[in-house]
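# Report on the structure
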Number of protein chains: 2
Amino acid sequence: MVHGAMRIGLVQQANSSNAEANWLKLRRNIRQCAAAGAQLVILQELHNTLYFCQTEDAANFDLAEPIPGPSTERFSQLAKDSGIVLVTSLFERRTAGIYHNTAVVIEKNGQIAGKYRKMHIPDDPNYYEKFYFTPGDLGFQPIDTSVGKLGVLVCWDQWFPEAARLMALKGAQILIYPTAIGWEVPEKDRPRQLQLDAWVVSQRGHAIANGLPVVAVNRTGHEADPSGQTAGIQFWGNSFVAGPQGEIIYQASADEEVQRVVTVHLERIEKVRRIWPFFRDRRIDQYHQLARRFID
Amino acid sequence: MVHGAMRIGLVQQANSSNAEANWLKLRRNIRQCAAAGAQLVILQELHNTLYFCQTEDAANFDLAEPIPGPSTERFSQLAKDSGIVLVTSLFERRTAGIYHNTAVVIEKNGQIAGKYRKMHIPDDPNYYEKFYFTPGDLGFQPIDTSVGKLGVLVCWDQWFPEAARLMALKGAQILIYPTAIGWEVPEKDRPRQLQLDAWVVSQRGHAIANGLPVVAVNRTGHEADPSGQTAGIQFWGNSFVAGPQGEIIYQASADEEVQRVVTVHLERIEKVRRIWPFFRDRRIDQYHQLARRFID
């Protein structure tokens, strides 16, 4: 168990259809975070490419790659050179017909520390993820690293208190959400604010319920809908860090690209849980029905 | 299943050691809510008395009463006369040595619609509830009424996503939290704001995760610590109503006494759940370990 300060680099960026340009930008941002003292750098969801789930197109499976594979090699080298632990988010080709949305954590020595396959898969207009991603089968398992035990989840998992709780029950010291979420383009200000607020509040709620810091790293920029049916997605950025009482430590704007180092203090976890002892009082004799779809 | 608008009366008040004065104030406030169109009136936790859990004093068990009993009789008559459904919060004497913190819901015809015995019991300096309240054994069961299916929980339950989820899975149309929470008196502004924010965010999080409106009704005013060991509790009021996307519809101040009618629209529940389909995607194959204390 690691204690003390954890310096976290958040990389929020806009992507283009030029994968090499995306890579060069990621590399520059990661190096800048490392130079600014980051020990852990977190990338946004599916950071190598455009968010390709706006349409269902079987050709997009060509973007998937094995793990380990070319991306983990590249990022492993970069993590090692920079001396940081790195949370990446990749499109995993496991076999023909099984693809996952997978976060791979790379240790500062360049080795793969562990991976998490996105468990909750959304499917909404512009986010046709059920077409692409087989639901994860690795469960909610924190990943041990030299900077701490990381509860890595991905995007849609943000809305499920169960995922956060299970990571906490398995000893996670921080919840981490690589994300790609945004607004429909012709959306009014009020629903935009409401959606963004709900996204932040939901995750701050996980911090509070579990006495853990939370980091969400989201994409920014506009990406067109290849089908032309909609005006695409305006990714809402707002990457943030909250402490174990849900307090906002840092929050980015919607539009800026960010490479920002933020410090969280892991020793606060136990301080907070001593005064807010929710784990002591959980009614585990009554929770078995949480594994039901609906109780009718 | 009831649909449409639900007009909810919130009664936030300061209590004194004069039980008759508390009753008269409650009666006046309930009647005012009814006169202003409330169909459902919600009272704060343990509204009949001072919050007696600041010390552990066996004489306080004299405050407990059977259910049904004198309080349910009084409030039943009042609910019937006012034509409202009423959520009360009583200190229940079940038998010698078994006392509960029990919310009793009274139908507008004066009959008891159901009761909920507080499941999660806190124990902190100034809130010695484990001394007084046996943990509830009725589970998380919504209460059917003429205005809808009410997911009544109590205070400390606010911090447990499991409680909210189980109520939702059993068909609750709204989450309701009678509450008595406040600040230590010599507490600084920043921790005060942090605690209050966390309390609101936690419950807004339940609204979002479950696509349900949430109502919390809290006590206001200062109550001294009978032991003289502390400067007592400044109950922080801030009773609020949030919609099914966690949006704040109404929030009281910390200090005012309130009898306020707020409308929520139950038809929004399904609208919201259609666009935020979290229930569709829960990984119920993976949630059984939520019934564990810790997974070590």
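Report on the accompanying structure. Only a predicted model underlies this, so the values are computations on that prediction, with no experimental measurement involved. (Residues numbered from 1 in each chain as written. Chains lettered and ligands numbered in written order. Predicted model: local features only at pLDDT ≥ 70, side-chain atom pairs only at ≥ 80, totals over all residues. Heavy atoms only, no water.)

## What about the relation of the copies chain A and chain B?
The operation relating the two chain copies consists of a rotation about an axis and a shift along that axis. Aligned on chain B, chain A shows an RMSD of 0.0 Å; the corresponding rotation is 180° and the shift along the axis is 0.0 Å. On this basis, the relationship between the two copies can be described by a two-fold rotation axis. An overlap of 100% is found between the interface residues of chain A and their copies at the interface of chain B, pointing to a shared contact surface. (Least-squares fit on C-alpha atoms with pLDDT ≥ 70 in both. Contact = heavy atoms within 4.5 Å.)

## Describing the interface of chain A and chain B
Often, the extent of an interface is quoted as the loss of accessible area on bringing the components together. If you look at the interface, chain A gives 54 residues, while chain B gives 54 residues. A buried area of about 5100 Å², summed over both sides, lies between chain A and chain B, and 63% of it is on carbon and sulfur atoms. Interface area lost by chain A to chain B is led by Arg283, Leu290 and Arg293 of chain A, which between them contribute 13%. Across the chain A-chain B interface, the total number found is 6 salt bridges. The salt bridge partner of Arg165 of chain B is Glu162 of chain A, with a shortest N-O separation of 2.6 Å. Counting every contact that joins chain A to chain B gives 28 residue pairs in polar contact (both at pLDDT 80 or more). (Buried area = accessible area lost by both parts, 1.4 Å probe. Salt bridge = Lys/Arg side-chain N within 4 Å of Asp/Glu carboxyl O. Polar contact = N/O pair within 3.5 Å; in protein donor to acceptor, adjacent residues only side chain to side chain.)

## Concerning the environment of Leu175 of chain A
All names here are of chain A. Considering the arrangement of structural elements, one finds Leu175 in strand S8 (residues 174-179). A C-alpha to C-alpha distance of 12 Å links Leu175 and Gly205, two positions 30 residues apart in sequence. Here Leu175 is in contact with Gly151, Leu153, Ala164, Met167, His206, Leu212, Pro213, Val214 and Val215, once residues within four sequence places are set aside. (Helix = DSSP H or I, 4+ residues; strand = E, 2+ residues; numbered from the N terminus.)

## Comments concerning the environment of Lys25 of chain B
All names here are of chain B. Position of Lys25 relative to the elements: it lies in helix H1 (residues 19-35). With a relative accessible area of 18%, Lys25 lands in the buried category. Here the alpha-carbon distance between Lys25 and Ile67, two residues 42 residues apart in the chain, equals 22 Å. Contact partners of Lys25, with chain neighbours within four places excluded, come to Gln13, Ala14 and Glu257. (Buried < 20%, exposed > 50% of the residue type's maximum accessible area, 1.4 Å probe, protein only.)

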